[in-house]
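Fold and geometry: a report
Residue strings, one per chain:
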Amino acid sequence: MSQPRSSGYLRTRYAQDWMLLETRTQRVGFALFAACALALPFFAGAFHLDIANQVLLASIGAVALMLLTGYAGQISLGHAGLLAAGAFTTGILFKEFAAPFWVTLPAAAAVGAALGVIFGLPSLRLRGLYLAVSTLALHFIVIYLGSEYESKRGFSTGVVIDPPRLGSWTLTDARAWYFVLLAAATATVLFSLNLMRSRTGRAWRAIHGRETVAGALGISVQRAKLSAFVVSSTLTAVAGCLFAYYRGFVSAEAFSLFLTIQYVAMVIIGGLGSILGALLGAVFVVLFPYGIEAAMKATALADRLSSLIFAVNYAAFGLVMILFLVFEPKGLVGIWQRVQAWFLLWPFKQKPVGK
Amino acid sequence: MGQRLTSRFDELRAKTAPQLLAEHARATPHRVAYRAKHLGLYRERSWAAYASLVGRCALGLRNLGLERGERVAIMGDACEEWMICDLAAQAAGAITYGIYPTASVSELEYQMHDGGATIFIAEDQEYVDKLLPIADRLPQLKAIVVIDDSAMFAYEHPKLRSFADVLGDDADGLGALETMAHELNPGDPAFIVYTSGTTGHPKGALISHGRHMAGAYTVVNHYPMLAAKEHRSVVYLPLCHIFGRDLAITVPLLSRLVPHFGESIEDLPQTLFEVAPTVLFTVPRYLQKFASMVLVGLGSTSPTKRAAYDAAMRVGRKCAAARWNGTAGPASAFLQHAAASLAFRPILNKLGLDHVELFLSGGAPLPPETAALWQVWGVNVVEAYGQTETGGAFISGQRGPFPRPGNVGTVVSGWKVRLSGEGEILVRGPDFFEGYWGKPEATHEAIDAEGWLHTGDVGQWHDGNLRIIDRARDFIVTAGGKTISPAHIENILRASPYLAEVVVIGHARKYLTALVEIDFDAVADWARSHDVSYTGFTSLAQHAEVERLVSGEIERLNAQLARVEQIKRFRVLPKALDPEEEGEPVTPTRKVKRTLMYQRFEALVESMYDDREEKLVAAEINGMLST
């Protein structure tokens, strides 16, 4: 498959082509990153830990959207709706049947998969903007059903959910949540990385490239599209379920259209067509409002603009997105790759050994 | 020299390569003998598998009718099957010889007749195509074996066999190999290596089993690190060359060198990168080529990176000089390490050369600037000197590590070197070749009555190191390590009616060029009938139309030459050579004095060579060798 990044890694088995970390530098780098990720909750305070958890939660959803939009090329504006579907499945099952998390989680996934088929059906006929609008319609349907449930059952302020429980142990501690979410995010990333190297993943990239050619190559375009929607929606609904438990509260208001835009921003700012991009995008978008707030505090604008803080946030966010689209269409991952290449090619500018 | 060492040489003198292979297969059956890349993967061959393949192949060759003492010719690039067929033919009692993959059809025909091969082994369809037109003129030929038969569609020659068929399915290879190896006499000839001769046609140096083993052991003995631990090497030199054979076939039997074969020779950069060899044998051409590739790449890099490299280079030059002068201490080692981390190691890593512990150059003179540059980069490049006639033994080699470039080191143990009155290097050792195949008079010319081999090279002693002043006076040794007889080429080119005199140039160069004197009468005649106006010899010689004519003639005659022998560029001499005149580079009998010719027309000669690579390397070293 790919070339090793350093000399001396000859392959004697095809399985070695699948290694995610091949060279020593890659392994050491990853080990350092993993050690930092595992040590973080023991050094971070409650505030920072909550941000970290939000990043992890967002990264699951962002990776899911990346699979659909970044790899398979299907535009969806129904992401918040799918998160809501997962969250409401959890809330309703908990309220009506007092279902434990090991029931609600698979149920959310199942609902996500079913919605994936429904969301995906228009994609068989529609493309681009038309597809985006049809997914947007579905978003409103899901949100409408959720809020109907809230008002009909008298939870007009939202559904309160107890934390997940395993025997006598309940998951309430932020630090414990961090490790649960870290595990979930890691699993999602590994699943996605491997999926993209499989036949399914290659089919998705092919239909992204050009549907007609993909079809001529023997790829079933319909099946590829539907599977992309199903896999993405399932992951998203699971993220919604985790979100519901983490917040302990489900409300239709939390899943506004702005949430969808945030996820789309993660994918675009991160860099389309890269799992790493989804992660970088999630970090960026989650941290961005805190950054703006800190900047406003630092420049002593906070007092004067306190009433406008949301407006400033939105405006800055919009501006950043435009800037990325214009100046760095490959997103954060594009910057990362350039930095990496600068060091990997050292001291050359281009690869000197022509192939 | 200790008693134990002498006995090791004696022991090897009583061995054959197939026998050593069988011993390895019994002693360490599971240890990796070599790796060969097929379909993207390096297939590991254990000694047991290797021996079994050789045994099966030997049985297959016998089934094709191969008798003891018959010859087997192998043509193709270095690959594992080349090696297997070679050892199999040796095991079956035959004498093998390799034919250069670049050989022309006429050269191939000559070697097929001269060697008298009964079996021809072709690496692929390309070589079959070369042989088939002349196959009918080779009555002794029993079979043509094709290693890679993937392009063999609609070939119906009755003598064609595929290598897979020859191997068969389920013979007990190791058992067969042991039986056959037992029957071999170590004093019998094992293989022939063709080298260029004065007559123009190559001469085959016949080398026997035991002497080759003992001879090749001089390499291991001179460089004990080869046997100290497992080493990776990459095979890319032609195996029909004695140097290539040593590296790929013989030395691995005597040390812990593990050869690696790439997917194909063209993929050499890729293969080097993947294998990251620790020991390499090379001809100077590759060292020059890689160095110029790096320097060209650095020429276009960003200012920051360039500055980093330049800084590393400043430090590296000082450290290399300290190593040559023997004044390198821990501080110098630390500085070299820093420079390597800053620039050299990343560079070498991209070439796959960052793990090289020993880079052995031979086969042709290594320009000292090139060696120096590699040493500054932290690669232990050493130069060795050997001859086909020494049967795989080195005559001398720089021990290193990091020797001062410019000589070929100290003489190997057990061998003696003496300089004749004219400075010619004379060698005497225990393990010479047996003689030239079918040319006993040439053998007597090469080895005198006292047993000294006349190398034809001119040398000098320098602090106990042998220094080569001039190599093989009558031959051209190209930078690629190929020995070429210019007389042979000149004779062919002079066949053109328009060319009166041709002088081939190319010693230690990348390619051959020629200085051409036109035949005034013939060309003048041609000019008149083609409406080319001229006033005298010079104006005719410098006419663009005449240049086109000569170019066409050379192109036509090039077809009769092997690729390495072809003339790539030429210059037409502006004046006629006059033997009557004093100091002219021709004798009264119109024999060309080569060195004088070069001196007289140096500017013309240099204008035919693109010496950017050499200049790049020399500029990098910045005259540090002159001290």
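Residues numbered from 1 in each chain as written. Chains lettered and ligands numbered in written order. Predicted model: local features only at pLDDT ≥ 70, side-chain atom pairs only at ≥ 80, totals over all residues.

Contact residues are listed per partner, giving 16 residues for chain A and 28 residues for chain B. Residues of the side of chain A that touches chain B, tallied by class, amount to 8 nonpolar, 4 polar and 4 charged. (Contact = placed C-beta atoms within 7 Å. Nonpolar A, V, L, I, M, F, W, Y, C, P; charged D, E, K, R; others polar.)

Okay, the pairing of strand β9 (residues 203-208) of chain B next. All names here are of chain B. The element β9 is extensively covered by neighbouring structure, given that 6 of its 6 residues are classed as buried. By the alternation rule, side chains of β9 split into Lys203, Ala205 and Ile207 and Gly204, Leu206 and Ser208, which are all buried. With 6 bridges connecting them, strand β8 (residues 189-195) and β9 associate as antiparallel partners. Paired with Phe191 across the two strands is Ile207, which belongs to β9. Relative to strand β19 (residues 435-436), β9 is paired through 2 bridges, and the arrangement is antiparallel. Its bridge partner being in β19, Ala205 is matched across the sheet by Tyr436. (Buried ≥ 20, exposed ≤ 12 C-beta atoms within 10 Å, placed from the backbone. Helix = DSSP H or I, 4+ residues; strand = E, 2+ residues; numbered from the N terminus. Pairing = 2+ DSSP bridges.)

We now examine the nonpolar core. Of all hydrophobic cores here, the largest spans 196 residues; its most connected members are B:Leu21, B:Val54, B:Ala58, B:Ala88 and B:Leu177. The biggest single contributor to this core is helix α3 (residues 47-63) of chain B, with 9 residues. Dropping the residues within four chain positions of it, B:Val54 is found in contact with B:Pro18, B:Leu21, B:Ile84, B:Leu87, B:Ala88, B:Ala91, B:Gly173 and B:Leu177. Within the second largest apolar cluster, 80 residues are counted, among which are A:Leu67, A:Phe94, A:Ala108 and A:Ala239. (Core = buried A, V, L, I, M, F, W, Y, C linked by C-beta atoms within 7 Å.)

Attention shifts here to the domain arrangement of chain B. Once the domains are mapped, chain B shows domain 1 (17-185), domain 2 (186-233 + 257-471) and domain 3 (485-615). Between the C-alpha centres of domain 2 of chain B and domain 3 of chain B there is a distance of 34 Å. (Domains from an automatic or database assignment.)

Residue and element names in this part refer to chain B. Spatially, the 4 strands line up as an open sheet ordered β2-β1-β11-β10, and their pairing is mixed. Each of the sheet's edge strands pairs with one partner strand only, and the pair in question is β2 (41-46) and β10 (231-235). For this sheet the average axis-to-axis angle between neighbouring strands, irrespective of direction, equals 25°. One ladder, built from 6 bridges, connects strand β1 (residues 32-38) with β2; its direction is antiparallel. Bridging across to β2, Lys37 finds its partner in Tyr42. With respect to the sheet, α3 is in contact with β1 and β2, its orientation differing from that of β2 by roughly 80°. (Axes fitted to C-alpha atoms, helices over the stretch in contact; angles between N-to-C directions.)

Moving on: the sheet that holds strand β25 (residues 512-518) of chain B. What holds strands together in a sheet is hydrogen bonding between their backbones, with the strands either parallel or antiparallel. All names here are of chain B. The mixed open sheet is built from 3 strands, whose spatial order is β24-β25-β26. Each edge of the open sheet carries a strand with a single partner, namely β24 (499-505) and β26 (567-572). Across the sheet, the axes of successive neighbouring strands diverge by a mean angle of 25°, strand direction being ignored. Pairing analysis gives 6 bridges linking β24 to β25, with the strands arranged antiparallel. When the sheet's bridge partners are listed, Val502 is paired in β25 with Val516. Contacts between helix α18 (residues 486-493) and the sheet are confined to β24 and β25, with β24 contributing the most and set at about 150° to the helix.

Now for the environment of B:Ala135. All names here are of chain B. Within the secondary structure layout, Ala135 lies in helix α6 (residues 125-135). Judged by local crowding, Ala135 falls into the partly exposed class, with 16 C-beta atoms found within 10 Å. Note: C-alpha distance between Ala135 and Phe120 (15 residues apart in sequence) is 9.9 Å. Here Ala135 is in contact with Leu141, His157 and Lys159, once residues within four sequence places are set aside.

A word on the packing of helix α3 (residues 79-97) of chain A against helix α9 (residues 221-247) of chain A. Residues and elements named next belong to chain A. The interhelical angle for the contact between α3 and α9, taken along N-to-C directions, is 55°, at an axis separation of 7 Å. For the element pair α3 / α9, the angle class is oblique. The chirality of how α3 crosses α9 is right-handed. Contacts between α3 and α9 involve His79, Leu82, Leu83, Ala84, Ala85, Gly86, Ala87, Thr89, Thr90 and Gly91 on the former and, on the latter, Ser233, Thr236, Ala237, Val238, Ala239, Gly240, Cys241, Phe243, Ala244 and Tyr245. (Parallel < 35°, antiparallel > 145°, perpendicular 65-115°, else oblique. Left-handed = near helix turned anticlockwise from the far one by under 90°.)

For the bond from A:Trp346 to A:Pro347, the omega torsion is -5°, close enough to zero to count as cis. Of note, the phi angle at B:Leu39 is positive, near 50°, even though the residue is not glycine. Checked against the element boundaries, B:Leu39 lands in the loop between β1 and β2. B:Leu39 sits in the exposed class, given 7 other C-beta atoms within 10 Å. Unlike most non-glycine residues, B:Phe402 shows phi in positive territory, near 55°. Inspection of the secondary structure assignment puts B:Phe402 in the loop between β15 (394-397) and β16 (410-411).

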